[in-house]
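So you can see what is in the structure, the chains are spelled out below.
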Amino acid sequence: MAQVTVGDVELYYEIHGEGPPVVLIHGLAGDCDAWAPQIKVLESGYKIIALDNRGAGRSSAPDYPYTTRHFADDTVGLMDALDITEPAHVIGRSMGGAIAQEMAINYPDRVRSMLITASFGKLDRYGHQILYNINEVVKAQGYMAAAKIQSLSFFPPTYFNENKEQMDAFEEGLGNTDRPIHGYTNSTHACLAHDALDRLGQVKCPTLVLAGGEDVLCSVGAARQIAERVPGCEIKIYEGASHFFMIQCYEESMADIKGFLDRN
């Protein structure tokens, strides 16, 4: 819809619907278009603000290593630019969940509730290695080669085997992009370096963590680490689903997300 300057970046954003504000923060490999299925449900009762993070989509990509605090500052800066002064519900997916943590810790008066999906307070060794390997493939061979690995890491084997057309389209969507390589690699740095575990006790807002039971990138263990540290945190595991449980379990996860927003 529009772009706005926040610090040293130009951020692309979209606004949908009316009501209490909900900020959607996408993951490492995507942009705000990935939220389309969720926006379709939520825009009838909420004002949805979805942005492309720095280094992704239609936002600018300065070339230096990013941190999740950079992304959190960007998001709050966007809220300021849009004159969204009331606390917002913040929903973060994967890397977006790590960014949401930094918002809740560093800007507690701007976050009404936090919903963390398929994410981590700190990547475990297995997830760290997967992300490092994907980043090395992106740098050496490009996005299409990396997409062939990402699909295997993001979906469980049975789902991958039984949904060939969807998986082919998923890989094509990830691989066919003009995103600058440094935008991806600098964003990967933020994920690999993120560690909020010792600070999650500072979170004051209602929090829900959702995770796929077979997620190898952002494991159930990593999700439980968040839930154990955030006071009063709720957690739900989608057994048999993986990193993209919001695709595999769309109806169920949307009911959980909307239910959490409605009661907070």
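Residues numbered from 1 in each chain as written. Predicted model: local features only at pLDDT ≥ 70, side-chain atom pairs only at ≥ 80, totals over all residues. Heavy atoms only, no water.

Participant: Even after reading the chapter, I still don't get the environment of Arg229, so can you show me in this structure?
Facilitator: In this structure, Arg229 sits in helix 9 (residues 220–229). Sequence separation between Arg229 and Gln248 is 19 residues, and the spatial gap between their C-alpha atoms is 28 Å. The residues contacting Arg229, other than those within four sequence positions of it, are Leu197, Leu200 and Gly201. Here Gln225 takes part through its backbone oxygen, which lies 3.1 Å from a polar atom of the side chain of Arg229. (Helix = DSSP H or I, 4+ residues; strand = E, 2+ residues; numbered from the N terminus. Contact = heavy atoms within 4.5 Å. Polar contact = N/O pair within 3.5 Å; in protein donor to acceptor, adjacent residues only side chain to side chain.)

Participant: Where do I start with the pattern of salt bridges in this structure?
Facilitator: Here the structure, examined in full by the defined rule, presents 16 salt bridges. A salt bridge links Lys148 to Glu171; the nearest nitrogen and oxygen atoms lie 3.0 Å apart. One end of the pair, Lys148, is in helix 5 (residues 143–154); the other, Glu171, is in helix 7 (residues 164–175), with 23 residues separating them in the sequence. Residue Glu171 is classed as buried on the basis of its relative accessible area, which comes to 6%. Between Glu252 and Lys236 there is a salt bridge, with the nearest N and O atoms lying 2.7 Å from each other. With Glu252 in helix 11 (residues 250–263) and Lys236 in strand 8 (residues 234–238), this residue pair connects regions lying 16 residues apart in the sequence. Residue class for Glu252 comes out partly exposed when judged on its relative accessible area of 40%. According to the relative accessible area criterion, Lys236 is partly exposed, its value standing at 23%. (Salt bridge = Lys/Arg side-chain N within 4 Å of Asp/Glu carboxyl O. Buried < 20%, exposed > 50% of the residue type's maximum accessible area, 1.4 Å probe, protein only.)

As far as function goes, none of this settles anything; it's purely spatial.
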